[in-house]
Amino acid sequence: MIEDRTPAGQPSADEDAELPRISTGTASADRILGGGFPAHSINIIMGEPGTGKTLFAQQLVFHNAGDERPILYVTTLSEPLAKVVKYLQKFEFFDESRMGTSVVYEEAGTELAEKGIGALVPMVTEWIRTLGPKIIVIDSFKALHDLSPSMAEMRRVVHDLAGLLTAYDTTAFLVGEYAAEQMATHPEFVVADGIVELLRHETGMRDDRFFRVRKLRGSSYREGLHALRLTGGGVKIYRRLVSPQTPRGYSIMRERVSTGVSGLDELLGGGLWRGSTTLLGGPTGAGKTTIALQFTLDGVRRGEPGLYVHLEENPTQLEFLVEGFGTDPETPGLHLLYHSPVELQIDSLVDEMFGLIRERGVKRIVIDAVGDLVTAVRDPQRLHDYLYALSQHFAVNGVTAIITFETARPGITGGYSIDAPFSHLSDNILLLEAGIADERTVRKLRVIKTRGSAHDPRLREVEITGEGVKIL
Amino acid sequence: MSDSRSSADGRATILVVERDPHIRALEALFLNEAGYFVEFTDDGASALEQARRLRPDLVITEILVPRLDGLALCRTLKDDPDTRGIMVLIFSILTASARARDAGADAFLRKPLAEQKLVDTIRQLMARRGEPAAETSA
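Residues numbered from 1 in each chain as written. Chains lettered and ligands numbered in written order. Predicted model: local features only at pLDDT ≥ 70, side-chain atom pairs only at ≥ 80, totals over all residues. Heavy atoms only, no water.

Draft legend 1. Representation of the overall build of chain B. Scanning chain B for helices and strands turns up five helices and five strands. Counting from the amino terminus, chain B carries its helices and strands in the arrangement β-α-β-α-β-α-β-α-β-α. In chain B, which comprises 138 residues, the proportion classed as buried is 58%. At a minimum sequence separation of 6, the contacts of chain B that also span at least 24 residues come to 63%. Of the roughly 5800 Å² that chain B leaves accessible, carbon and sulfur atoms contribute 48%. (Helix = DSSP H or I, 4+ residues; strand = E, 2+ residues; numbered from the N terminus. Buried < 20%, exposed > 50% of the residue type's maximum accessible area, 1.4 Å probe, protein only. Contact = heavy atoms within 4.5 Å. Areas by Shrake-Rupley, 256 points an atom, 1.4 Å probe, with all protein chains shown as cover.)

Draft legend 2. Expanded view of the sheet that holds strand β16 (residues 334-338) of chain A. Residues and elements named next belong to chain A. Ordered in space as β16-β15-β17-β18-β14-β19-β20-β21-β22, the nine strands form an open sheet in which the pairing is mixed. One side of each edge strand has no neighbouring strand; the edge strands of this open sheet are β16 and β22 (468-471). Neighbouring strand axes in the sheet, compared pairwise and without regard to direction, differ in orientation by 20° on average. As paired strands, strand β15 (residues 306-310) and strand β17 (residues 364-368) are joined by five bridges and run parallel to one another. Looking at β17, one finds that leucine 307 is bridged to isoleucine 365. (Pairing = 2+ DSSP bridges. Axes fitted to C-alpha atoms, helices over the stretch in contact; angles between N-to-C directions.)

Draft legend 3. The arrangement of a negative patch on the surface in detail. Residues and elements named next belong to chain A. A cluster of acidic side chains, namely Glu319, Glu323, Asp328 and Glu330, defines a negative patch on the protein surface. If you trace the backbone, glutamate 319 turns up in helix α10 (residues 315-324). According to the relative accessible area criterion, glutamate 319 is partly exposed, its value standing at 32%. (Patch = residues over 30% accessible without salt bridge, like charges linked within 9 Å, V, L, I, M, F, W, Y side chains within 5 Å. Salt bridge = Lys/Arg side-chain N within 4 Å of Asp/Glu carboxyl O. Lys, Arg positive; Asp, Glu negative; His and termini not counted. Charge placed at Lys NZ, Arg CZ, Asp CG, Glu CD.)

Draft legend 4. Examining the packing of helix α11 (residues 346-360) of chain A against helix α13 (residues 380-396) of chain A more closely. Residues and elements named next belong to chain A. The interhelical angle for the contact between α11 and α13, taken along N-to-C directions, is 0°, at an axis separation of 12 Å. Judged by the inter-axis angle, α11 sits roughly parallel to α13. On the side of α11, the interface is formed by Ile346, Asp347, Val350, Met353, Phe354 and Ile357, while α13 contributes Arg382, Leu383, Tyr386, Leu390, His393 and Phe394. Its residues placed into classes, the contact of α11 with α13 shows nine nonpolar, one polar and two charged. (Parallel < 35°, antiparallel > 145°, perpendicular 65-115°, else oblique. Nonpolar A, V, L, I, M, F, W, Y, C, P; charged D, E, K, R; others polar.)

Draft legend 5. Highlighting the pairing of strand β3 (residues 42-47) of chain A. Residue and element names in this part refer to chain A. Counting buried residues along β3, six of its six residues qualify, which places the element largely inside the surrounding structure. Here β3 shows no split at all, with Ile42, Ile44 and Met46 on one side and Asn43, Ile45 and Gly47 on the other all buried. Pairing analysis gives five bridges linking β3 to strand β7 (residues 171-176), with the strands arranged parallel. Note on β7: the bridge partner recorded for methionine 46 is glycine 176. Examined bridge by bridge, β3 and strand β8 (residues 194-203) share five bridges and lie parallel to one another. In the sheet register, glycine 47 faces β8, and the bridge partner there is leucine 198.

Draft legend 6. Structural view of the sheet that holds strand β5 (residues 107-110) of chain B. Residue and element names in this part refer to chain B. Strand order in the open sheet formed by five strands is β2-β1-β3-β4-β5, and the pairing between neighbours is parallel. The open sheet is flanked by β2 (37-41) and β5, the only strands paired with a single partner. If you compare each strand with its neighbour and ignore which way they point, the axes differ by 20° on average. Where strand β1 (residues 13-17) lies against β2, five bridges are found, and the strand directions are parallel.

Draft legend 7. Representation of the confidence of the model for chain B in the model. Residue and element names in this part refer to chain B. On average, chain B scores 89 in pLDDT, and the residues at 70 or more come to 88%. The element-level mean pLDDT for chain B is lowest in helix α5 (residues 115-129), coming to 93, with strand β3 (residues 58-61) highest at 98. Counted against residues more than four places away or in other chains, residues 131-138, with its pLDDT under 50, gives 14 contacts. Interface predicted TM-score (ipTM) for the complex: 0.80; the corresponding pTM is 0.78. (pLDDT = per-residue confidence, 0-100.)

Draft legend 8. Examining the packing of aromatic side chains more closely. Residue and element names in this part refer to chain A. Per the counting criterion, the structure on display carries nine aromatic pairs over all chains. The interplanar angle of 80° and the centroid separation of 4.8 Å between the aromatic rings of tyrosine 178 and phenylalanine 189 together place this pair among those described as edge-to-face. Here the residue tyrosine 178 occupies a position in the loop between β7 and α7 (188-191), and phenylalanine 189 occupies one in helix α7, the gap between them amounting to 11 residues. For the pair shown, tyrosine 178 and phenylalanine 189 are each scored as buried. Taken together, the aromatic side chains of Phe62, Phe91, Phe93 and Phe94 make up a single cluster linked through ring pairs. (Phe/Tyr/Trp six-rings, centres within 6.5 Å; stacked < 30°, edge-to-face > 60°.)

Draft legend 9. Summary view of the packing of helix α5 (residues 120-131) of chain A against helix α6 (residues 151-167) of chain A. Residue and element names in this part refer to chain A. Close contact between α5 and α6 brings their axes to 9 Å; oriented N to C, the two are set at 15°. Considered as vectors, α5 and α6 are oriented roughly parallel to each other. At the point where α5 passes α6, the crossing takes the right-handed sense. For the pair α5 and α6, contact is made by Leu120, Val121, Val124, Thr125 and Ile128 and by Val157, Asp160, Leu161, Leu164 and Leu165, respectively. In the contact of α5 with α6, the residues fall into eight nonpolar, one polar and one charged. (Left-handed = near helix turned anticlockwise from the far one by under 90°.)

Draft legend 10. Spatial organisation of the pattern of salt bridges. With the rule as written, the count across this model stands at 27 salt bridges over all chains. For arginine 212 of chain A, the salt bridge goes to glutamate 197 of chain A, with nearest N and O atoms at 3.0 Å. With arginine 212 of chain A in strand β9 (residues 206-216) and glutamate 197 of chain A in strand β8, the pair connects residues that are 15 residues apart, well separated along the chain. With a relative accessible area of 7%, glutamate 197 of chain A lands in the buried category. Glutamate 62 of chain B is the partner of lysine 111 of chain B in a salt bridge, and the nearest nitrogen-oxygen pair spans 2.7 Å.

Draft legend 11. Highlighting the side chain of threonine 407 of chain A. Looking at the element boundaries, threonine 407 of chain A is found in the loop between β18 (400-406) and β19 (428-437). Residue threonine 407 of chain A is classed as buried on the basis of its relative accessible area, which comes to 11%.

Dropping the structure here:
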């Protein structure tokens, strides 16, 4: 029986099935693309120099290299083949044994420079005849514009090439250093079925990289900017967080979770609702980290794995605090995740957090502090969307969350204001105050808001003892 | 049963009805390499006339061809006792295997062109027909 070939009348294997996909070799990029690039399509991988286009393409090539039909990688006028291969060898996905057999490199620049751009389609036809490639990559395709006497000639060649690539059972990737405005002028964008873009933004002293799908015919995909990192393993992409499709589990929300802080559960009408998100604000030294840690450790003692994401205290400082509660930082069920605020990239943090929630069954989570996320994400709308989606995911997964935020020190006499632009995204808001009275630090706490509970709104004194925080 | 004629050099003859120049070019490459003699036409009415005159071993037709579509061409060939024995392979961009069966086609393949699938299908059709198999390239 020949696959896909059927006697007339019987649906062929591919006739009614989902569109076959070509994996990128990066699981999250495949999910962004709805399963990968649709097979038998023409795709553009665009981005400025240094954004990781060639690496992305090479990773895809080696991931799909098999023992059947080969993959053809054509270099043109941008980078010499020797240079491409030299740097490629440093990456984990590179497999030298595939070279020349299942991955075939061809250099087209010299012949095209001699014969002109019109020689491209006959060259590709000959490669199809001799190699029968299942994937064809041309890198850089944009550089071929330099060989064309006019845009009209380039348009003719692109049209002809698209006809050939559509007729034959192959999937094509055209890699190029295109700028966004060239999408409207360059003919390859008209024939492309898929367009993905790799971007780089300067943020302070570091570069943030992103992956974006611009177009994908015949397939749904996740829009927006997805974080991207270049690692020794190749390109790593983190899918942008969006609100879950599953609605909040209100059955979960009917269960109370103790804060682990003496006297606080009573102020909250019996504790926090499971799956709720609480903002815990206050000035430096008011006890935010202590309360949040107490909440995490209380869960661990009750058999609820807890994750403490700390963006300010370094790992040694936090372990010291944990030990101060008489708890071994290595206690099973306790997970401390540190990210330097300098290197913080919100998408990769979220990816790690949800990995731990899935793999370790985390039920309580603390993010200390949201201010560091504000610094890491320049776009306030993006952060707003993130925090909203985050709280929705916590709710769906039954994970009870405390997110701390720093307020300006208002003085102990009150008159403070909540400077937390995300307050409406949370279920509960607790505010700490700290001041000096009679030469001692006085700390107070007020429950500002609880969703679905009657709470005690009075300002209450807070005491920090050897056993932790107590509400007096 | 038709009296299909092989080409002068003994190779089995295939009549291809196709408008897309790239598909035609690739079919010419792969089918010649597989040892077949290939004739081309780009509309159904001409194909019917050629099929009656040439008596090819196989007709490969796209559905979307002018003057007489590929399914009508197939039906006409299969309804005529003189041409009924000509094998017909519908090779189309459309997902139309059921319609191809209703038209009496012997096999259906969907584009794009995958040379191994195409050549394997043709070889099986030729074998079913009981005619001498085409020469195979080394």
